[in-house]
Amino acid sequence: MKRRTMISGALVFVMAVGMLSGCSGSGQTASKEQGADVIKLAIASPVTGDSAEYGLHFNTGAQIAADRINANGGINGKQIVLETFDSKNDAKEATEVARLIAQDKDILATIGDFSSTCCMATAPIYEENKLVQLSPSAGLIDFPRVGSYNFSITGVQSDDGPFLVNRVIHETMGAGSYAMVYTNNDFGLNMLKYMNEEAESLGITVTDTEAVASGEKDYTAIVSKMRQTNPEVVMIVASYNEVANCVKQIRQVGWEVPVVISGSALTDQLVELLGEEVNGIYSNIAFVPSDDDPTTKEFTEEFTSRAEIPPSFHSVSTYDAVYLLSEAAKKCGDNLNRDTLREALASYEGFEGLLGPIAFTEEGAVHRGYKVVQYQEGVLTAVSDYMLAH
């Protein structure tokens, strides 16, 4: 079973260049060459399978951060080395990967995994081995609650869901009703809960809710049922491939209902799958690649050059995760180990990444704001400033 693999030809090239310049993406090679002068971090993500694009964003974003940190002296003079593990966005595979990572005593922390489901499955393993698991994308609040070594920087679903209902559907679109399609997993079920609560508080009618399995392709019956309830908006909480299939089948029957999607589906692959049908779709995200500020433009250009696709929230959040861990590690000085890194990370104050400020709650989560965004002429465009759900 293949678990350590690079994602694409573009990323392999980047890693190879990094090795030649002393900023390696191959942990095993760099460790042998540099010995004790390296700090090893693991990246756990779906490198293969239906969610592989997320892995590309994770690993490219992480490598950009590592290369920049290494070029500026590393962590107290030591170079960061990243080891990539393929969890396939599968809970069983993710637990096997977590055990492999935990057994390598040279690895000081794991950045990952991708989904809340995978993170919940692996959290006890990391907790038992006193190894930080810092997820760039797991929004389920129950994940960091599992133990003190588990953290997430994506923001919690209790902020995300209400933002979609209040800021996007209610304020931006002016709608008073919506129907919802959601993936029948931890992420989808929790978004359903928080969105229903927000809708009730605002007096918005939820005309229909439909659960679908991960990877669902046939939405014919669901689209027909939702349409009969006459919602003003259709809300889809799912991955990019499920969103694409649902939107296509909505449009195929001539239904021009406005669509809102969860930020987790905002990927370049979604644009490729939907073509012009992506235009008009609303969502929320903290980082918009098309923004004009210099820092955003610089990161977008470098990421696009390496990965041959534009960055997404996931690439930026992983980039921020590497920087946050490096800053926490610097505070440990010569006493850097799994335990001291965890303490420094939990207590770190004043960090501001590309996604904005990061300050952990006592549980190890982050409260985050977003921008309302919309696809316009195939480009994800901010239509509001950064703001909280309320």
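Residues numbered from 1 in each chain as written. Predicted model: local features only at pLDDT ≥ 70, side-chain atom pairs only at ≥ 80, totals over all residues. Heavy atoms only, no water.

S.K.: I tried to follow the pairing of strand β14 (residues 379–382) on my own but got confused; where do I start?
M.R.: Along any regular strand the residues' side chains alternate between the sheet's two faces. Across four bridges, strand β13 (residues 371–376) lies against β14 in antiparallel orientation. Bridge pairing in β14 links Val-373 to Ala-382. The hairpin turn running from β13 into β14, its antiparallel successor, is two residues long, and Glu-377 in that turn takes a positive phi close to 55°. (Pairing = 2+ DSSP bridges. Helix = DSSP H or I, 4+ residues; strand = E, 2+ residues; numbered from the N terminus.)

S.K.: It is not clear to me how the sheet that holds strand β4 (residues 132–135) should be interpreted in this structure. Could you clarify?
M.R.: As a general point, the strands of a sheet are linked pairwise by backbone hydrogen bonds and lie either parallel or antiparallel. The five strands lie next to each other as β2-β1-β3-β4-β5, forming an open sheet whose pairing is parallel. Of all the strands in the sheet, the pair left with one neighbour each is β2 (79–86) and β5 (150–152). On average, each strand axis in the sheet is tilted by 25° relative to the strand beside it, whichever way the strands run. Sheet analysis places strand β1 (residues 38–45) next to β2, joined by eight bridges and oriented parallel. (Axes fitted to C-alpha atoms, helices over the stretch in contact; angles between N-to-C directions.)

S.K.: Explanation requested: the nonpolar core in the structure shown.
M.R.: Buried together is how nonpolar side chains tend to be arranged in soluble globular proteins. Judged by nonpolar contacts, the single largest core of 80 residues is most densely connected at Ile-236, Ile-261, Leu-270, Leu-325 and Phe-360. When residues in this core are grouped by element, the largest group, ten residues, is from helix α13 (residues 313–332). In this structure, Phe-360 is in contact with Leu-134, Phe-151, Ser-152, Ile-153, Leu-324, Leu-345, Ala-346, Ala-365 and Val-366, ignoring residues within four places of it in sequence. If you look at the next biggest cluster of nonpolar residues, it comprises 23 residues, including Ile-169, Leu-192, Val-260 and Ala-389. (Core = buried A, V, L, I, M, F, W, Y, C linked by side-chain atoms within 4.5 Å. Buried < 20%, exposed > 50% of the residue type's maximum accessible area, 1.4 Å probe, protein only. Contact = heavy atoms within 4.5 Å.)

S.K.: So what exactly am I meant to see when it comes to the confidence of the model for the chain here?
M.R.: Detailed reading of the predicted coordinates is not advisable wherever pLDDT falls low. Within the chain, residue pLDDT values average 89, and 91% of them lie at 70 or more. Low pLDDT, under 50, characterises residues 1–35; the stretch is placed with 72 contacts to residues that sit more than four places away or in other chains. (pLDDT = per-residue confidence, 0-100.)

S.K.: I keep staring at the packing of aromatic side chains and nothing clicks. Help me out?
M.R.: The description of an aromatic ring pair uses the distance of the two centres, along with the angle that the planes make with each other. Across all of its chains, the model carries ten aromatic pairs by this definition. Note on Phe-163 and Tyr-370: the rings are 5.3 Å apart at their centroids and 65° apart in plane angle, and the pair reads as edge-to-face. Of this pair, Phe-163 sits in helix α7 (residues 157–172) while Tyr-370 sits in the loop between β12 (356–358) and β13; the two residues are 207 residues apart in sequence, bridging distant segments of the chain. For the residue pair Phe-163 and Tyr-370, the accessibility class agrees, reading buried in each case. (Phe/Tyr/Trp six-rings, centres within 6.5 Å; stacked < 30°, edge-to-face > 60°.)

S.K.: I keep staring at the pairing of β2 and nothing clicks. Help me out?
M.R.: Among the eight residues in β2, eight count as buried, and that is most of the element. Neither face of β2 is exposed, since Gln-79, Val-81, Glu-83 and Phe-85 on one face and Ile-80, Leu-82, Thr-84 and Asp-86 on the opposite face are all buried.

S.K.: Would you take a moment to explain the environment of Asp-268 for this structure?
M.R.: Within the fold, Asp-268 resides in helix α11 (residues 268–274). Sequence separation of Asp-268 and Pro-310 is 42 residues, and the distance between their C-alpha atoms is 6.6 Å. In contact with Asp-268, not counting residues within four places along its chain, are Glu-53, Ile-309 and Pro-310.

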